[in-house]
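# Examination of the molecular architecture
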Amino acid sequence: MRGFLPWLAVLAVVLLLSALRMRALATIVSLGWLAWCVWTWFRPTRRDPRSG
């Protein structure tokens, strides 16, 4: 459940912004979250030069 808290928080923020008719800001938040998720999932892992 702990892993879902950031997702639920972003979803709540996006829904709140959308309800307040700030859809442009909601779009920016959701696209920023998507970009961060893609970056953390697909970024190349850093290799230790000493590991050979």
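Scope of this entry: the structure provided in the associated data block. Please read these numbers as outputs of a predicted model, since none were measured by experiment.

## What to know about the overall build of the protein
Within the protein, the regular secondary structure consists of 2 helices and 0 strands. The buried share of the protein, taken over its 52 residues, is 12%. By element, 69% of the accessible surface of the protein is carried by carbon and sulfur atoms, the whole surface being about 5000 Å².

## Here's the deal with the nonpolar core
Nonpolar side chains in soluble globular proteins tend to be buried together. If you look at the biggest cluster of nonpolar residues, it comprises 6 residues: V10, V14, L17, A26, W33 and C37. Mapped onto this core, the elements with two or more residues apiece are α1 (5-19) and α2 (23-42). The contacts of L17, once residues within four sequence positions are left out, are M22, R23, L25, A26 and V29.

## Some points on the packing of α1 against α2
It is the contact of α1 with α2, at a shortest axis distance of 7 Å, that shows an interaxial angle of 160°. With respect to α2, the element α1 is oriented roughly antiparallel. Regarding α1 and α2, the two cross each other, and that crossing is left-handed. Contacts between α1 and α2 involve P6, W7, V10, V13, V14, L17 and S18 from the former and R23, L25, A26, V29, S30, W33, C37 and W41 from the latter.

Cut-off values and rules
Residues numbered from 1 in each chain as written. Predicted model: local features only at pLDDT ≥ 70, side-chain atom pairs only at ≥ 80, totals over all residues. Heavy atoms only, no water. Helix = DSSP H or I, 4+ residues; strand = E, 2+ residues; numbered from the N terminus. Buried < 20%, exposed > 50% of the residue type's maximum accessible area, 1.4 Å probe, protein only. Areas by Shrake-Rupley, 256 points an atom, 1.4 Å probe, with all protein chains shown as cover. Core = buried A, V, L, I, M, F, W, Y, C linked by side-chain atoms within 4.5 Å. Contact = heavy atoms within 4.5 Å. Axes fitted to C-alpha atoms, helices over the stretch in contact; angles between N-to-C directions. Parallel < 35°, antiparallel > 145°, perpendicular 65-115°, else oblique. Left-handed = near helix turned anticlockwise from the far one by under 90°.

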